[in-house]
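# Notes for the structure review
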Amino acid sequence: MFYRQKHLLAIEGLEPPAIGQLLDLADSYVLLNRSGKTQRDLLRGRTLINLFFEDSTRTRTSFELAGKRLGADVINMSVSTSSVSKGETLIDTAATLNAMHCDLLVVRHDQSGAPHLLAQIVDAAVINAGDGTHEHPTQALLDALTIKRRKGRIAGLIVAICGDIAHSRVARSNIHLLTTMGCQVRVVGPPTLMPAGIADLGVTVFHDMAAGLDGADVVMMLRLQRERMSKGQVPSAREYFRFYGLDAGKLAAAKPDAIVMHPGPMNRGVEIDSTVADDPIRSVIKEQVEMGVAVRMAVLDVLSRDHRRNDS
Amino acid sequence: MTPDTLFSGVRILGSGIDLRGDLLVRDGLIADFGPSIGRPGDATLIEAEDAILCPGLIDMRAALGEPGFEYRETIGSAALAAAAGGITTLACLPDTRPAIDDPALIRLLRARGEETGSLTILPYGAVTRGCRGEELAEIGLLREAGAVAFTDGCRAIASARLMRLALSYASGFGARIVQHPEEPSLAEGGVATEGEQATRLGLSGIPAAAEAIMVARDIGLAELTGGAVHFAHVSTGEALALIRSAKAAGLAVTCDTAPPYFDLNETSIGDFRTYAKLSPPLRKEHDRKAVIAALADGTIDAIASDHQPRDADDKRLPFALASAGGSGLATLLGITLAHVHNGSIPLAAAIDLLTIRPAALLGIQAGRIAKGAVADLCLFDPDRIWKVEAGKLPGKAQNTPFDGRALEGVVLGTWKHGKRVFG
């Protein structure tokens, strides 16, 4: 038992054995899911609440499926239907959920640090499903599992994370996880989308795709939000695609067996070309989704172990 | 008639005086002081052998909750906190609701201060109507009513043209313009100092250069107009270097800083601690050291509390949504003394930064030890220890960025016009 924290709020600060434990367990859930067997007694009687203050289809569905496969009672709460829109504060919402005796609370919020605030108040184990531009820990775990299964290892690989690093929680969690596990991590993107001090996180910064992808084992693309154009950080979508969109030509700089990843949802023709996104050999984008369920099962399993031990 | 008070065997310190002896207060004034003075038999005797008696502190920058934000702080609660912190005079910011842009409000605040019996309140007037940064407020009428200087509080005067007009116009009334030095378009949306820490936490950054850029602009405008500009809560080495050279060039440029900027750095925001969310944001360690150096070499003219009362609802929010500002009245002296104890600032210089120097900036006769001077006094034990605890501070505002900090230096008593108001 290496993972000892009550919550999963961030990848930053996790040690390699804890990450390794989650990945190994997730790997075993991949096999279980594929075999069609279920483990519906593991979280029987436990309540999992998906509290989403921001729209999300795949992450919420993935947590819901993971919870149900382990036998938990899963409740979805989204901001549009909850009383948060009526002026209830995050603190009040947390107190309400606490009174409902929820065991596992999955939170997505557009503000960095919101899950940390909730974790101070609720009794449940809090799982960060993406907070602002801070972290998205389960995304990094599912990306690592995908890489590990495709490449047979994580340590020593060259991973290029490309695009809007400044506003990406996926990038931050991946940087922490991959550097902790011994990858060489590069970040590639225009200077206006590169956050200050990013090199201090242990990555090498590139502003040119050919140089950044040179010899890479993994090319990880990030979603570019339309807002970046309206705020002037990028002049236009076509200019962005010309210099930072992944197409076959730019991918040629990476290793011949390099894999292409994207956390979704994709902006085809903005950060990624369809021929690359749909390439059956290079693209592992669909596999990432499958790994997402397994990783979330592993996280729910590990975070509920203390409760289960106390009950038995 | 208040009976006489005799401080006996204390160290009397401030405005160039440093001696061990006695000080006699009569009719609200300092009647006499020295190594041995005549001792009237009926005086209230205060004996405190290890204590220091200095002028009551003059806090040149504090926000009061009134008018408009009484849920955060009232003048009554601020007066309690000030007295507990050894503060007897306080200059309050005008970015309230309504803003202090009318002579009647200046008179009201001054009168409300007198009503407390413990705290002189010197209101700043708004530079612009409503502190909206659009058109000049009635600077002359506000000055006449008793506005001590002019500022838009936590809002920078963004337009260079308007700042030029303000400096120029106010100079005709001998009034200083106090700027919140932050270029607003660079700071927009930012909640922490730009760099590794903000990037790790996924928080929007404000570049440290946003301060220096505004300082550089306003030094240029002070030179152009001949007006006097004062930069509040200066927090970066770059800005201080600009201020240092402007002073050397003989321009009417002054500045203050506040305890968070020489005691804390950005790591205090840790895992999203909103009590350490301030404006300007806490800086990097090299900037903190630059502030210390500027305190030691005299570039910084005053230490102000930069008191910004907030309640739990303002702060118990995700970091970016939480309101910026820390309470500071009760910790002004203690945090300053911490940097006397560690050898960064000489004691006498520290006391002057809290008394006579801000008094000079505000143009008031206060903050000094002299025969015939008003007996606004602070008696403190420089070595006694205490711990800052949010929830246990005097006054209403508990939002201290120094929660948990152990300090040496306890206020034993505060006297306003010869009357004991604390301790």
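Refer to the structure above for everything that follows.
In what follows, the accompanying structure is described.

Calculation notes
- Residues numbered from 1 in each chain as written.
- Chains lettered and ligands numbered in written order.
- Predicted model: local features only at pLDDT ≥ 70, side-chain atom pairs only at ≥ 80, totals over all residues.
- Heavy atoms only, no water.
- Pairing = 2+ DSSP bridges.
- Helix = DSSP H or I, 4+ residues; strand = E, 2+ residues; numbered from the N terminus.
- Axes fitted to C-alpha atoms, helices over the stretch in contact; angles between N-to-C directions.
- Contact = heavy atoms within 4.5 Å.
- Salt bridge = Lys/Arg side-chain N within 4 Å of Asp/Glu carboxyl O.
- Polar contact = N/O pair within 3.5 Å; in protein donor to acceptor, adjacent residues only side chain to side chain.
- Nonpolar A, V, L, I, M, F, W, Y, C, P; charged D, E, K, R; others polar.
- Expected span 1.5 Å × (residues − 1).
- Buried < 20%, exposed > 50% of the residue type's maximum accessible area, 1.4 Å probe, protein only.
- Arc of directions from axis to C-beta.
- Phe/Tyr/Trp six-rings, centres within 6.5 Å; stacked < 30°, edge-to-face > 60°.
- Lys, Arg positive; Asp, Glu negative; His and termini not counted.
- Left-handed = near helix turned anticlockwise from the far one by under 90°.
- Core = buried A, V, L, I, M, F, W, Y, C linked by side-chain atoms within 4.5 Å.

## Focus on the sheet that holds strand β6 (residues 57-62) of chain B
Residue and element names in this part refer to chain B. Within the open sheet, the 3 strands sit side by side as β6-β7-β8. Their pairing is parallel. Looking at which strands have only one partner, the edges of the open sheet turn out to be β6 and β8 (120-123). Neighbour-to-neighbour, the strand axes of the sheet open up by a mean angle of 20 degrees, direction not taken into account. Alignment of β6 against strand β7 (residues 87-92), held across 4 bridges, turns out to be parallel.

## Brief notes about the interface of chain B and chain A
With 15 residues of chain B at the contact, the number on the chain A side is 21 residues. On inspection of chain B and its partner chain A, the count reaches 1 salt bridge. Seen at the junction of chain B and chain A, the total is 5 residue pairs in polar contact (both at pLDDT 80 or more). Looking at the side of chain B that touches chain A, its residues break down into 8 nonpolar, 3 polar and 4 charged.

## A few points about helix α10 (residues 285-296) of chain B
Residues and elements named next belong to chain B. For α10, with 12 residues, the first-to-last C-alpha span of 17 Å sits near the 16 Å given by 1.5 Å per residue. Of all the positions in α10, only D287, R288, V291, I292, A294 and L295 are classed as buried. One face of α10 carries all of its buried residues, which in axial projection span an arc of 165 degrees. Exposed positions of α10 whose direction lies more than 90 degrees from the buried face are H286 and K289.

## Points about the packing of aromatic side chains
Within this structure, the stated rule accounts for 3 aromatic pairs over all chains. Between Y240(A) and Y244(A), the ring centres sit 5.8 Å apart and the planes meet at 35 degrees, which makes this aromatic pair tilted. Taken together, the residues span about one helical turn, with Y240(A) and Y244(A) both in helix α9 (residues 237-244) at a distance of 4 residues. Of the two residues examined, Y240(A) and Y244(A), each falls in the buried class. Ring centres of F7(B) and W415(B) lie 4.7 Å apart, and the angle between their planes is 80 degrees; on these two criteria the pair is classed as edge-to-face.

## Some thoughts on the side chain of D287(B)
If you trace the backbone, D287(B) turns up in helix α10. The charged side chain of D287(B) is buried without a salt bridge, its nearest counter-charge being R283(B) at 5.4 Å.

## Considering the pattern of salt bridges
Any two side chains of opposite charge can pair, given that their charged atoms come close. Going through the model one piece at a time under the given rule, you end up with 39 salt bridges over all chains. Taking the shortest distance from any N to any O, the salt bridge between R200(B) and E12(A) comes out at 2.6 Å. Here E12(A) lies in the segment before α1 (16-35) and R200(B) lies in helix α6 (residues 196-201), a pairing that spans two chains. Classification of E12(A) by relative accessible area gives partly exposed; the value is 33%. Ionic pairing is found between E389(B) and K392(B), a salt bridge with its closest N-O pair at 3.5 Å.

## Digging into the sheet that holds strand β8 (residues 218-221) of chain A
By way of backbone hydrogen bonds, the strands of a sheet pair with one another, either parallel or antiparallel. All names here are of chain A. What the 5 strands build is an open sheet, ordered β7-β6-β5-β8-β9; its pairing is parallel. The sheet terminates laterally at β7 (204-206) and β9 (259-261), the two strands that pair on one side only. Across the sheet, the mean angle from the axis of one strand to that of its neighbour is 20 degrees, orientation sign disregarded. With 5 bridges joining them, strand β5 (residues 158-162) and strand β6 (residues 184-188) adopt parallel strand pairing. Bridge pairing in β6 places I161 opposite V187.

## Brief notes about the packing of helix α5 (residues 137-151) of chain A against helix α12 (residues 285-303) of chain A
Residue and element names in this part refer to chain A. Relative orientation of the contacting elements α5 and α12 amounts to 115 degrees, with a least axis distance of 8 Å. When you trace α5 past α12, the crossing you get is right-handed. The segment α5 lies against α12, with T138, Q139, L141, L142, D143, L145, T146, R149 and R150 engaging E287, Q288, M291, G292, V295, R296 and V299. Here the residues of the contact of α5 with α12 sort into 6 nonpolar, 5 polar and 5 charged.

## Side note on the nonpolar core
Of all hydrophobic cores here, the largest spans 90 residues; its most connected members are I177(B), F231(B) and L333(B). No other element matches the 6 residues that helix α12 (residues 332-341) of chain B contributes to this core. With residues up to four places along the chain from it excluded, the contact list for F231(B) reads Q179(B), P181(B), V215(B), D218(B), I219(B), I243(B), V253(B), T254(B), C255(B) and D256(B). Counting 67 residues, the second largest nonpolar core, distinct from the first, contains F52(A), L178(A), M194(A) and V299(A).

## Details of unusual backbone geometry
The linkage connecting G264(A) with the following residue, P265(A), adopts the cis geometry, with an omega of -10 degrees. Although it is not a glycine, C131(B) sits at a positive phi angle of roughly 55 degrees. Within the secondary structure, C131(B) is located in the loop between β9 (125-126) and α3 (139-145). The exposure class of C131(B) is buried, given its relative accessible area of 2%. One non-glycine residue with positive phi stands out, namely H233(B), at about 30 degrees. Mapped onto the secondary structure, H233(B) falls in the loop between β14 (228-231) and α8 (237-248).

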